[in-house]
Amino acid sequence: MIFRPDGTLFVTLGERQGFASEAQLLTSQLGKVVRINKDGSIPADNPYAANADPLTRAVWSYGHRNPQAAALHPATGELW
C-alpha cells in the first residue's frame, strides 16, 4: 500500500497463486491495483469509476497477478 500526495491510497492485490485467470477479470479484485480515498470512497478519476460494479470502480489497473510492492516515482509521482 502507498498513499499518493493527493491522499488517495494504492493497494496491490495478488491473485493468491492458482487463480491467474482472475487477474484478467474486472469483476474480481484478485491480481489488481486498486485506488481508493482515505474514507474508502472511489476517486472520480479512476479509470473505471463510471462502471456500475462497485468493485470494478476501485480498479486502477489489472492483470498483474502478484504485485509484491508499490512505490511512487520521486519526481513524477507515478506508481511503480
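The present account deals with the structure reproduced in this document. Since we're looking at a predicted model, the values are computed, not measured.

What counts and how
- Residues numbered from 1 in each chain as written.
- Predicted model: local features only at pLDDT ≥ 70, side-chain atom pairs only at ≥ 80, totals over all residues.
- Heavy atoms only, no water.
- Phe/Tyr/Trp six-rings, centres within 6.5 Å; stacked < 30°, edge-to-face > 60°.
- Helix = DSSP H or I, 4+ residues; strand = E, 2+ residues; numbered from the N terminus.
- Buried < 20%, exposed > 50% of the residue type's maximum accessible area, 1.4 Å probe, protein only.

**Some remarks on the packing of aromatic side chains**
- Tallied over the full model, the rule gives two aromatic pairs.
- An angle of 70° between the planes, with centres 5.3 Å apart, marks the rings of Phe 10 and Trp 60 as edge-to-face. With a gap of 50 residues between them, Phe 10 in strand β2 (residues 9-13) and Trp 60 in strand β4 (residues 59-62) connect regions that are remote in the sequence.
- Judged by its relative accessible area of 2%, Phe 10 falls in the buried class.
- Trp 60 gets classed as partly exposed once you look at its relative accessible area, which sits at 28%.
- Here Tyr 48 and Tyr 62 contribute two aromatic rings whose centre-to-centre distance is 6.2 Å and whose plane-to-plane angle is 65°, an arrangement assigned as edge-to-face. Taken together, the residues Tyr 48 in the loop between β3 (32-36) and α1 (54-57) and Tyr 62 in strand β4 connect sequence positions 14 residues apart.

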